[in-house]
Amino acid sequence: MTTQNTTLNADRPTGNSAGPLLQVNDLHVHFPTDDGLVKSVDGVTFDVEAGKTLGIVGESGSGKSVTSQAIMGLHRGSSAVTSGQVLLDGEDLMEASESRLRKLRGKDVAMIFQDPLSAMHPYYTVGNQIIEAYRVHHPDAKKHEAREKTIDMLSRVGIPNPKVRVDSYPHQFSGGMRQRAMVAMALMNDPKLLIADEPTTALDVTVQAQILELMVDLQKEFHSAIIIITHDLGVVADIADDIMVMYGGRAVEQGDVIDTFGQPQHPYTWGLLNSMPRLDQARQDRLDPIPGNPPSLINLPPGCAFSPRCTYRDRVPGDRCRTEEPELFAMGHLQHARCFLTEADRIEIRGGSDQDPSAGQEAQA
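Residues numbered from 1 in each chain as written. Predicted model: local features only at pLDDT ≥ 70, side-chain atom pairs only at ≥ 80, totals over all residues. Heavy atoms only, no water.

## A look at the pairing of strand β1 (residues 22–33)
Strand direction decides the pairing type here: β1 and strand β2 (residues 36–48), joined by 10 bridges, are antiparallel. Its bridge partner being in β2, valine 24 is matched across the sheet by phenylalanine 46. As consecutive antiparallel partners, β1 and β2 are separated by 2 residues. In this structure, β1 lies alongside strand β4 (residues 81–88), joined through 7 bridges in antiparallel fashion. Following the sheet pairing, histidine 30 is matched in β4 by valine 81. (Pairing = 2+ DSSP bridges. Helix = DSSP H or I, 4+ residues; strand = E, 2+ residues; numbered from the N terminus.)

## Comments concerning the nonpolar core
Core analysis: the biggest nonpolar cluster contains 39 residues, and Ile112, Ile130, Val157, Val183, Leu194 and Ile228 have the highest contact counts within it. Broken down by secondary-structure element, the contributors of at least two residues to this core are β6 (109–112), α4 (126–135), α5 (143–156), α7 (175–187), β7 (193–197), α8 (205–222), β8 (225–229) and α9 (233–239). Tallying contributions element by element places α7 first for this core, with 8 residues. In this view, isoleucine 112 contacts Gln179, Met182, Val183, Ala186, Leu194, Ile195, Ala196 and Asp197; residues no more than four positions away in its chain are not counted. Judged by nonpolar contacts, the second largest core, of 37 residues, contains Val44, Val109, Ile227 and Ala251. (Core = buried A, V, L, I, M, F, W, Y, C linked by side-chain atoms within 4.5 Å. Buried < 20%, exposed > 50% of the residue type's maximum accessible area, 1.4 Å probe, protein only. Contact = heavy atoms within 4.5 Å.)

## With respect to the sheet that holds strand β5 (residues 91–92)
Strand order in this open sheet of 4 strands is β2-β1-β4-β5, and the pairing throughout is antiparallel. The two strands at the open ends of the sheet, each matched to only one other strand, are β2 and β5. Sheet topology note: the β4/β5 ladder contains 2 bridges and is antiparallel. Counterpart to leucine 87 in the pairing with β5 is aspartate 92. Across the face of the sheet, helix α1 (residues 64–72) comes into contact with β1, β2 and β4 while running at roughly 110° to β1. (Axes fitted to C-alpha atoms, helices over the stretch in contact; angles between N-to-C directions.)

## Points about the packing of α4 against α5
Helix-helix packing is described using two parameters, namely the angle between the two axes and the distance between the axes. As a packed pair, α4 and α5 sit with axes 9 Å apart at the nearest point and diverge in direction by 115°. When the interaxial angle is binned, α4 and α5 end up roughly perpendicular. Helix-helix and strand crossings are classified by hand; for α4 and α5 the assignment is right-handed. Contacts between α4 and α5 involve Gly127, Asn128, Ile130, Ile131, Tyr134 and Arg135 on the former and, on the latter, Lys143, Ala146, Arg147, Lys149, Thr150 and Leu154. By residue class, the composition of the contact of α4 with α5 is 5 nonpolar, 3 polar and 4 charged. (Parallel < 35°, antiparallel > 145°, perpendicular 65-115°, else oblique. Left-handed = near helix turned anticlockwise from the far one by under 90°. Nonpolar A, V, L, I, M, F, W, Y, C, P; charged D, E, K, R; others polar.)

## Remarks on the sheet that holds strand β3 (residues 53–57)
Note on sheets: strands pair through backbone hydrogen bonds, and any given pair is parallel or antiparallel. The sheet built from 8 strands is open, its strands ordered β6-β7-β8-β3-β9-β10-β12-β11 with mixed pairing. Edge strands, defined here as strands with exactly one partner in the open sheet, are β6 and β11 (329–330). Sheet topology note: the β3/strand β9 (residues 242–247) ladder contains 4 bridges and is parallel. Along β9, the bridge assignment pairs glycine 55 with isoleucine 243. Contacting β3, β6, β7, β8 and β9, α1 runs over the sheet at an angle of about 150° to β7. Strands β3, β9 and β10 (250–256) of the sheet are contacted by helix α11 (residues 267–274), whose axis makes an angle of about 100° with β9.

## Quick look at the packing of α4 against α7
The N-to-C vectors of α4 and α7 enclose an angle of 20°; their axes lie 9 Å apart at closest approach. On the basis of the axis angle, α4 is roughly parallel to α7. You can see that α4 and α7 cross each other, and the crossing is right-handed. On α7, the residues that touch Val126, Gln129, Ile130 and Ala133 of α4 are Ala181, Ala184 and Met185. Residues of the contact of α4 with α7, tallied by class, amount to 6 nonpolar, 1 polar and no charged.

Rendered as structure tokens:
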């Protein structure tokens, strides 16, 4: 994610010479309600290249899952008001017809849902559901051919005795096995883009590690792009190339994972990192949670949405944090953050001169 200008929206980050596989431009997803307009996603922009993984993190209600559902076109037919661009290989999915989206879903773009038990039909065997996911995009395939491919895929994702388990029902699988079956279904048609929404939720740590390793291995084989949505920063640090931190329906920090974890630029990212236990630091009796609660997406505060919870807002002169909404400024190497703090303040708050004060172009200077 590189830029030539001060803000991300002014000049998009650029990928390889062939261009990113997925480009999301100024995406908005709003839901009219009796209480007001819920701005679940409010101007999100990012790219994902083929073979790369983007991790999207943030508290519940920050807009992570709504963003992924908008990419899949799952808000159509609902009350949602959407705008912006979602370009997959140059094709705008926001402008695509419903029939075109049905052809793309499961083939060019696939999704692993958070709860595999509710995502799979309880009345049909796991094998039949995966076979159907394959044959809908390969209508000429014989059923026995699709069954053999399903058994092979179940074996590759680590389902024991797949020739027998292919005829099992979802409730006969453990949570980890259901998640593996969802991965098999998602990858059955070699998708260009795989979206994984909390794929390791409610799984024990051993199964979590196995699922993540499986996704990485299959990504290398198929050269797929992956978007992984999670609360777990450790998962992102383990498998992602880039990260987008969301708060109040917007991206507040974006950048390379190594740089962002090593030198985070936004107070919200600091808060997320400080609220997690660290193995490379001395043990503390208590973690340091972010004060307050996430904002209402119906009534966001003026200025910076994070300012009511930010302990550093008074460092910014002119009360800008409470009155002015910051753009995504370029900060450091391949990083952007939506914050008015000066670079000197950020270095001091982080506790050391871990970055050259002359690096980056500061819009707010």
